[in-house]
Amino acid sequence: MTHPTLHVTNWSSRKLHGPGRLLTIMARPRPWEHGVGRVPSCTPTAGALDRVRAGTMTIDDYRAHVERRVLDHPHGPGGLTAISDGDAPPVADGDTLCCACSRAEAAAGRCHRVWVAHLLARAGWRVVLDGVEVE
């Protein structure tokens, strides 16, 4: 059985984007980082982002916050949704979830897209994180 594929990477790694829609998982995307929609359950709250940036929330607590958001919502194939033009279509095979963190920050474990990618892989997606399939 083949699992639908999600690509998870940053906006500037265009060669790593999948053939589907580009969706943001950022709390505060800049104008060019909105894509065609956002995936709220994979997006940290703006308040949590502010606290971790200010040093009043640890990276471990931030990770727990992000994981809770994902796990508190349907996140397997067919259940993960994006908000796009007021609709909430399911995230689909070939779509890409993007944030702004560099690949180096992600590799160092300081980017929420890594945590999200692993949760989505456990939920039944085939996830390609920064060009490498998540086991």
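The notes below deal with the structure included here. Remember, it's a predicted structure, so these values are computed and weren't measured experimentally. (Residues numbered from 1 in each chain as written. Predicted model: local features only at pLDDT ≥ 70, side-chain atom pairs only at ≥ 80, totals over all residues. Heavy atoms only, no water.)

A short note on the packing of aromatic side chains
Stated precisely, the cut-off is as follows: For Phe, Tyr and Trp, where Trp contributes only its six-membered ring, two rings pair if their centres lie within 6.5 Å, and the inter-plane angle classes them as stacked under 30 degrees, edge-to-face over 60, or tilted in between. Segments assigned H or I by DSSP are reported as helices when at least four residues long, segments assigned E as strands when at least two residues long, and all are numbered from the N terminus. Remark: exposure states derive from per-residue accessible area (1.4 Å probe, protein chains only) relative to the maximum for the residue type, with buried under 20%, exposed over 50%, and partly exposed in between.
Tallied over the full model, the rule gives one aromatic pair. An angle of 75° between the planes, with centres 5.9 Å apart, marks the rings of Y62 and W115 as edge-to-face. Of this pair, Y62 sits in helix α2 (residues 59-71) while W115 sits in helix α4 (residues 112-122), placing them 53 residues apart in sequence. Looking at Y62, the relative accessible area reads 6%, which means it is buried. Residue classification places W115 among the buried residues on the basis of a relative accessible area of 4%.

Looking at the environment of R110
We count it as follows: Pairing of N or O atoms within 3.5 Å defines a polar contact, subject to two protein rules: one partner must be a possible hydrogen donor and the other a possible acceptor, and residues neighboring in sequence count only if both atoms are side-chain atoms.
Relative to the elements of secondary structure, R110 occurs in the loop between α3 (103-107) and α4. With a relative accessible area of 46%, R110 lands in the partly exposed category. Residues R110 and A121, spaced eleven residues apart in sequence, show a C-alpha to C-alpha distance of 19 Å. At 3.0 Å, the side chain of R110 forms a polar contact with the side chain of E105.

A short note on the layout of surface pockets
The gaps left among the atoms become clear once a water-sized probe is rolled over them. Here is the rule: We place a 1 Å grid over just the protein atoms. Points where a 1.4 Å probe fits but has no way out form a cavity, open points with protein on both sides within 12 Å along at least 5 of 7 lines form a pocket, and any residue with an atom within 4 Å of a point lines it. Grid points are joined across faces, edges and corners, and a volume is the space filled by probe spheres set on the points. Note on residue categories: nonpolar means Ala, Val, Leu, Ile, Met, Phe, Trp, Tyr, Cys or Pro, charged means Asp, Glu, Lys or Arg, and polar means any other residue, Gly included.
When its volume is computed, the largest pocket comes out at roughly 320 Å³. Lining the largest pocket are 19 residues; nearest its centre among them are L49, R53, Y62, C101 and H112. Elements that contribute at least two residues to the lining of the largest pocket include exactly α1 (46-54) and α2. Per element, the largest residue contribution to the lining of the largest pocket is three residues, and it comes from α1. In terms of residue class, the lining of the largest pocket is made up of twelve nonpolar, one polar and six charged.

Looking at the pairing of strand β5 (residues 126-129)
Applied cut-off: One bridge is not enough; two strands pair if DSSP finds at least two bridges between them.
Two elements, strand β1 (residues 5-10) and β5, share four bridges in a ladder whose sense is parallel. Paired with L6 across the strands is V127, a residue of β5. Relative to strand β6 (residues 132-133), β5 runs antiparallel, the two sharing two bridges. Residue pairing across strands places L129 opposite V132, the latter belonging to β6. Once β5 ends, the chain turns through two residues before running back antiparallel as β6, passing D130 with a positive phi of about 50°.

Points about the sheet that holds strand β2 (residues 22-24)
Strand order in the open sheet made by the six strands is β3-β2-β4-β1-β5-β6, with mixed pairing throughout. Both outer strands of the open sheet, β3 (37-38) and β6, are each paired with one neighbouring strand and no more. Judged from the three bridges that link them, β2 and strand β4 (residues 96-99) form a sheet pairing that is parallel. Bridged to T24 within β4 is C98.

Describing the environment of D72
Position of D72 relative to the elements: it lies in the loop between α2 and β4. The exposure class assigned to D72 is exposed, which follows from its relative accessible area of 58%. D72 sits 36 residues away from A108 along the chain, and the two C-alpha atoms are 26 Å apart.

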